Amino acid sequence: MSKLPKDITSVVTILRDPVERVFSMYEFAVEVAARFLVHPNLTSALTSKVKPKSSRMVSTLDIWPWKYLVPWMREDLFTRREARRLGKLKRSALSDVYNTEDVVMPLHEFISHPIAHEIIHNGAAFQVAGLTNSSYLDDAHEVRRCVRKHPSLGQFVLEVAKGRLDQMLFVGFTEDHKKSARMFASMVGLQVLSRSKSAPSDFQPQSTNQKNVGSSAQVVTDKAAEGTNQANSIGDKVFTATDTSSPKGNMTAEQLMRKYEQLMRKYEDCIENSHKVQKSRHAMSLKRISPVNFTKEARHLVPDSMLEEMKILNSLDMELYRHAQSIFLQQQILMEDHDKQTKILAENVPVEIDAPRNFLLLLVTLVPLVLFFIVVMFKRSCCIKYFYVAKMKKAG
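Residues numbered from 1 in each chain as written. Predicted model: local features only at pLDDT ≥ 70, side-chain atom pairs only at ≥ 80, totals over all residues. Heavy atoms only, no water.

### So, helix α13 (residues 304-313)
Taken as a whole, α13 has its buried residues at Met306, Met310 and Leu313. Projection of α13 onto a plane perpendicular to its axis shows the buried side chains occupying an angular sector of 70°, all on one side. Away from the buried face of α13 by more than 90 degrees, exposed residues Asp304, Ser305 and Ile312 are located. (Buried < 20%, exposed > 50% of the residue type's maximum accessible area, 1.4 Å probe, protein only. Helix = DSSP H or I, 4+ residues; strand = E, 2+ residues; numbered from the N terminus. Arc of directions from axis to C-beta.)

### So, the packing of helix α1 (residues 18-34) against α13
Interhelical geometry of α1 versus α13 gives an angle of 105° and a closest axis separation of 9 Å. In terms of orientation, α1 lies roughly perpendicular with respect to α13. Side by side, α1 and α13 meet where Val19, Val22 and Phe23 of the first sit next to Leu307, Met310 and Lys311 of the second. Taken together, the residues of the contact of α1 with α13 sort by class into 5 nonpolar, no polar and 1 charged. (Axes fitted to C-alpha atoms, helices over the stretch in contact; angles between N-to-C directions. Parallel < 35°, antiparallel > 145°, perpendicular 65-115°, else oblique. Contact = heavy atoms within 4.5 Å. Nonpolar A, V, L, I, M, F, W, Y, C, P; charged D, E, K, R; others polar.)

### Looking at the pattern of salt bridges
Counted under the stated rule, the structure contains 15 salt bridges. One salt bridge connects Arg35 with Glu31, and the closest N-O pair in it is separated by 3.1 Å. For the pair Arg35 and Glu31, a shared accessibility class is recorded, and that class is buried. Among the salt bridges present, the one from Arg144 reaches Glu118, with a minimum N-O distance of 2.2 Å. You can see Arg144 sitting in helix α7 (residues 140-149) and its partner Glu118 sitting in helix α5 (residues 114-119), a full 26 residues away along the chain. Connected through salt bridges with shared partners, the residues Glu20, Glu27 and Arg299 form a single ionic network. (Salt bridge = Lys/Arg side-chain N within 4 Å of Asp/Glu carboxyl O.)

### Examining the pairing of strand β1 (residues 10-15)
For β1, a buried count of 5 out of 6 residues is recorded, marking the element as mostly surrounded by other parts of the structure. Note: β1 against strand β3 (residues 170-173), 4 bridges, orientation parallel. Note that in β3 the partner of Val12 across the bridge is Phe170. (Pairing = 2+ DSSP bridges.)

### Thoughts on the packing of aromatic side chains
Applying the stated criterion across every chain yields a total of 10 aromatic pairs. Look at Trp72 and Phe110: their rings are 5.3 Å apart centre to centre, the planes differ by 15°, and that puts the pair in the stacked class. In this pair, Trp72 sits in helix α3 (residues 66-85) while Phe110 sits in helix α4 (residues 107-112), placing the two residues 38 residues apart along the sequence. Here Phe110 falls in the buried class, since its relative accessible area comes to 0%. Aromatic ring contacts, followed pair by pair, group Phe23, Tyr26, Trp72, Tyr98, Phe110 and Phe294 into a single cluster. One Lys or Arg, Arg74, reaches over the ring of Phe36 and ends 4.7 Å from the middle of that ring. (Phe/Tyr/Trp six-rings, centres within 6.5 Å; stacked < 30°, edge-to-face > 60°. Lys NZ or Arg CZ within 6 Å of the ring centre and 35° of its normal.)

### Regarding the packing of α1 against α3
Closest axis-to-axis distance for the α1/α3 pair is 8 Å, and the angle between their directions is 60°. By crossing handedness, the relation of α1 to α3 is classed as right-handed. Listed contacts from α3 to Met25, Tyr26, Phe28, Ala29, Val30, Val32, Ala33 and Ala34 of α1 are Trp66, Leu69, Val70, Met73, Arg74 and Leu77. In terms of residue class, the contact of α1 with α3 is made up of 13 nonpolar, no polar and 1 charged. (Left-handed = near helix turned anticlockwise from the far one by under 90°.)

### A few points about the confidence of the model for the protein chain
Confidence along the protein chain averages 77 in pLDDT terms, with 68% of residues attaining 70 or more. With pLDDT under 50 throughout, residues 199-247 is counted as low confidence; its partners more than four residues away or in other chains account for 124 contacts. Confidence drops under pLDDT 50 across residues 384-389; counting only partners more than four residues distant or on other chains, this segment forms 0 contacts. (pLDDT = per-residue confidence, 0-100.)

### Some details on the side chain of Glu31
Here Glu31 shows up in helix α1. In this structure, Glu31 is in contact with Arg281, His282 and Ser285, ignoring residues within four places of it in sequence.

### Regarding the nonpolar core
Core analysis: the biggest nonpolar cluster contains 43 residues, and Tyr26, Met73, Tyr98, Leu107, Phe110 and Ile289 have the highest contact counts within it. Taken together, the elements giving at least two residues each to this core come down to α1, α3, α4, α5 and α13. A total of 11 residues in this core trace back to one element, the largest contributor, which is α1. Aside from chain neighbours lying at most four places away, what touches Met73 is Tyr26, Ala29, Val30, Ala33, Val104, Met105 and Phe110. Within the second largest apolar cluster, 24 residues are counted, among which are Leu158, Leu169, Phe173 and Ala324. (Core = buried A, V, L, I, M, F, W, Y, C linked by side-chain atoms within 4.5 Å.)

See below:
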């Protein structure tokens, strides 16, 4: 982010529950690696090259962290398949799909592996802090190595990550993706509308140079959780955004609302289509490692001891997630307060009444008041006159 101009750049991110994130990374790495099992051996799989179907698509193997996790899991799957063929591995019981060592690396082995400690555990905190093994900072690897060796140093990384979340335009959650998307769209829309009202007529959100980062309309996404990558993936390819157009000139609230609803419909259609494609690819991939089948129900069968171990291994992420929850709650309160104010203003808009009715209403209201005023003044005048005459008689 230091390479981008701060005065016209805002950052948003989507975080994920740390335990769910570990589950998802394990399952997705296995799923993508299983697609290579169509090849007779690992050598054949490595020499085959699949070209993207479109210039708008990139391979999952080019995306962090899958470019590390998928090759690792792919090699493991071929090794276990060969061991089964040679009778070196016995068929596992199907009571726990996360512990079928004859087919795929068990989950407990996965989370204990050095690669998991390097890439997965506390991955969100290190990503938000800019300290991954893909960071351009020369000292990033050394910092991570020191934190693994001296866990107490992780608190410094955590504080940096929290500070960066505090400075972001918006923080959302994978678990509440649709709500996060709607809240984010509303927040940005309100800022664009607010700024367009105070800007010249040739206002263009993408060219603003206001110093207030929090109100910038240009957004650069910092994907601090693998859920964002996975949610946009189509099979083992990911679409890259190409539609960067934005409305030019001032926008009224009504125009902005119509644009917002159009975009949200597109978003929901995109998510629905993406889920359908992913579900199909998921089923096809897992057929190659049958009877292993990852489901939400299967996660509930994982022993509590392993869940606790995941939480301990991702303690920084757990704390960062709680901090993000407080930020999300504040965002929600602000949006709800704005909605209430908007509703109150709408209800207090004066209603226009046609001229005849308006005149009649005024006449009916004022005539009694005028008559009352005349009567009061007449009585007061009589009282003053009587008092004056009585006083003169007494004096005479």
